[in-house]
There are 2 protein chains.
Amino acid sequence: MAPRGGKLGRTWRLQHRRGIWLKLPLALASHVPVAASSGFVFHHAEQDYVMMTHWLEEGKPCTLPPGPTHQVGVGALVLDKGGKNILAVQEKSGPLRGTGVWKMPTGLLDVGEDIGAGAEREVKEETGVSARFKHLIAFRHAHAFAFGKSDLFFLARLEVEDDSSLQPCPHEIAACDWVPLSLFLSQPRFLASPLYACVYDLCRDALPENEGKARPVTAIMGTQLKLGFKPGAAWLYHTSEWHHKKHGGKSEGEDGLEEGKGLGTTSGGD
Amino acid sequence: MAPRGGKLGRTWRLQHRRGIWLKLPLALASHVPVAASSGFVFHHAEQDYVMMTHWLEEGKPCTLPPGPTHQVGVGALVLDKGGKNILAVQEKSGPLRGTGVWKMPTGLLDVGEDIGAGAEREVKEETGVSARFKHLIAFRHAHAFAFGKSDLFFLARLEVEDDSSLQPCPHEIAACDWVPLSLFLSQPRFLASPLYACVYDLCRDALPENEGKARPVTAIMGTQLKLGFKPGAAWLYHTSEWHHKKHGGKSEGEDGLEEGKGLGTTSGGD
């Protein structure tokens, strides 16, 4: 059997190279099978190129950095000027299509986009409403999403700038409205999920009428919660000591999984 | 010119398909140039396959979901049992190699790994120390990292379980020690960076001696800070109203960029 990488592989080893990167543009796709038969494997790809790598140090673990592992989503909590209604949409596609379930505007971050800017863009695109990023309420980390990658979802509080008109996106949005908070927060679909129930409690804390009631903390706490709508769990990170105890149910020093809603938690402070 | 996708493209269009996914394993790399010449482009890749896509609705924007856009890093603040020294390393490679600069253990999340678990693993791998995830201190979002992707970095507070021995990783770590906090936090390399200066202030808040002194908030706030060590800025998300004001310097309702350290901020609460 020929040595790894053939003649070139020998040259590279003499140059004390440990690994080789090969970036092939779409126009040079004919080189992909040649590289593959020379010991290269895929690394990552964008629309116009594929990156391949060849690790030369047989028997030693490959130390080349991995490709991207996560997609990042954003959602937006936007209240009208009166603070009694939430900006909500019904989607034309996805698992909630045709269910009549109201949800907050959400979407994936573009490459190079900041979280607040992404939340503002999604609200504008889906509903036509201009709103300004204030802060984050919570974020959720979960795995095995599209293409086996992980997903970070950031829920942002946005301040509405003009609540006088709605222009739902004709491609993505079936319905769009200012929905009474009491109706929105009591949707059975979400209350059946320990994860969503905790998110909705955190949203309640963000309402003007509840200002000052939440018990603040000086750290971002993690609470592992069951999804409810399907098997599995996800970590929710937030700043409410009260909801941490209520939904996580575990105090510092305890071990193992809880029998209740929460699966596990981190401590609330030093 | 032949229609997009040739005969197959016509068949797919008759079936009202809007886009086609083609997953080619490494062993079928010879099909890559065939697909490319039929109108397919790259989408993403893992070591053993490349995913290609073909959007059939000419003139309409492609609505196929994008591939992963982010890598996720974790760092760990670990104090010894006495609370006076921080677990610090000097790396064998990277921009700080040979500089004598002490840093907290850091690394990239593996696919499917939770943030706390990743921080615990990196501490164990780099220093041999067992420590348990408590909570997050802050996280940083920045762009144009490896392969043009974005980067989310989570700084976690870990509780040490045994501080009696250190076993630095021979491959990655040049030095590893319990470094006095006063020395660690006063390293000029980091204080020259508005971003790091804010991170270090947040670390100080996490010390046992400062317990209860930080002014807590009920939201995760974002502060946009200059990097300092190179051009550009990043968003730092945390829970300290005081550092938000100190480093961000902007109160709610103000617009535009600050002249001081901070570039922009989000508000501290509803």
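Definitions and cut-offs
- Residues numbered from 1 in each chain as written.
- Chains lettered and ligands numbered in written order.
- Predicted model: local features only at pLDDT ≥ 70, side-chain atom pairs only at ≥ 80, totals over all residues.
- Heavy atoms only, no water.
- UniProt positions renumbered as here; feature names shortened; annotations may be inferred.
- Helix = DSSP H or I, 4+ residues; strand = E, 2+ residues; numbered from the N terminus.
- Buried < 20%, exposed > 50% of the residue type's maximum accessible area, 1.4 Å probe, protein only.
- Contact = heavy atoms within 4.5 Å.
- Least-squares fit on C-alpha atoms with pLDDT ≥ 70 in both.
- Salt bridge = Lys/Arg side-chain N within 4 Å of Asp/Glu carboxyl O.
- Nonpolar A, V, L, I, M, F, W, Y, C, P; charged D, E, K, R; others polar.
- Core = buried A, V, L, I, M, F, W, Y, C linked by side-chain atoms within 4.5 Å.
- Pairing = 2+ DSSP bridges.
- Axes fitted to C-alpha atoms, helices over the stretch in contact; angles between N-to-C directions.
- Phe/Tyr/Trp six-rings, centres within 6.5 Å; stacked < 30°, edge-to-face > 60°.
- Lys NZ or Arg CZ within 6 Å of the ring centre and 35° of its normal.

The name given to chain A in an unreviewed UniProt entry is Nudix hydrolase domain-containing protein, with Nannochloropsis salina CCMP1776 as the source organism. Its UniProt record gives chain A a comment under Sequence similarities (unreviewed entry), which states: "Belongs to the Nudix hydrolase family."

1. Here's the deal with the overall build of chain A
The secondary structure content of chain A amounts to seven helices and 12 strands. Scored against the burial criterion, the 270 residues of chain A give a buried share of 53%. A separation threshold of at least 6 residues defines the contact pool for chain A, and within that pool the share at least 24 residues apart is 62%.

2. A few points about the UniProt feature "transmembrane region" (unreviewed entry) in chain A
Cross-referencing UniProt, the feature "transmembrane region" (unreviewed entry) maps to residues 20–42 of chain A in the present numbering. Structurally, residues 20–42 of chain A comprises 30% helix and 35% strand, and the distance from its first C-alpha atom to its last is 12 Å.

3. Here's the deal with the relation of the copies chain A and chain B
The transformation that overlays chain A on chain B combines an axial shift of 0.0 Å with a rotation of 180 degrees, and the residual RMSD is 0.0 Å. Between the two chains, the operation in question is that of a two-fold axis. A share of 100% of interface residues in chain A that are also interface residues in chain B marks the association as one of identical surfaces.

4. Observations regarding the environment of B:F153
Residues and elements named next belong to chain B. Relative to the elements of secondary structure, F153 occurs in strand 8 (residues 150–160). With relative accessibility at 22%, the residue F153 sits in the partly exposed group. With 79 residues separating them in the primary sequence, F153 and V74 have C-alpha atoms 5.4 Å apart. Excluding its chain neighbours within four sequence positions, the residues that come into contact with F153 are G73, V74, G75, T106, A138, F139 and R140.

5. Remarks on the interface of chain A and chain B
Residue-level contacts link 75 residues of chain A with 75 residues of chain B. Run the count over chain A and chain B and you get two salt bridges. A:K149 is paired through a salt bridge with B:E46; the nearest N and O atoms lie 2.3 Å apart. If one sorts the elements of the side of chain A that touches chain B by residue count, strand 7 (residues 131–142) of chain A sits on top with nine residues. For the side of chain A that touches chain B, the per-class residue count stands at 40 nonpolar, 24 polar and 11 charged.

6. Focus on the nonpolar core
Formed by 54 residues in total, the largest nonpolar core has its most connected members in A:F139, A:F154, B:F139 and B:F154. Apart from residues lying up to four places away in sequence, A:F154 is in contact with A:V72, A:G73, A:V74, A:G75, A:I115, A:L136, A:A138, A:F139, B:F139, B:L152 and B:F154.

7. Concerning the sheet that holds strand 2 (residues 41–46) of chain A
All names here are of chain A. On the basis of which strands lie adjacent, the open sheet formed by three strands has the order 1-3-2 and antiparallel pairing. Two strands lie at the open edges of the sheet, namely strand 1 (19–25) and strand 2, each paired on one side alone. Pairs of neighbouring strands in the sheet enclose a mean axial angle of 20 degrees, with direction left out of account.

8. Observations regarding the packing of aromatic side chains
Applying the stated criterion across every chain, the model contains 25 aromatic pairs over all chains. Pairing A:W21 with B:F147 gives two aromatic rings, centres 5.5 Å apart and planes at 50 degrees, and the pair type is tilted. With one member in each of two chains, A:W21 in strand 1 and B:F147 in the loop between strand 7 (131–142) and strand 8 form a pair that bridges those chains. Between the NZ or CZ atom of A:K23 and the centre of the ring of A:Y49, over which it lies, the distance is 4.4 Å.

9. Some details on the pattern of salt bridges
All names here are of chain A. Following the criterion strictly, the structure yields 20 salt bridges over all chains and no others. Note that K134 is salt-bridged to E159, the shortest N-O span being 3.3 Å. Taken as a pair, K134 in strand 7 and E159 in strand 8 (residues 150–160) lie far apart in primary sequence, 25 residues in all. The class for K134 is buried, based on a relative accessible area of 4%. For E159, a relative accessible area of 32% gives the class partly exposed.

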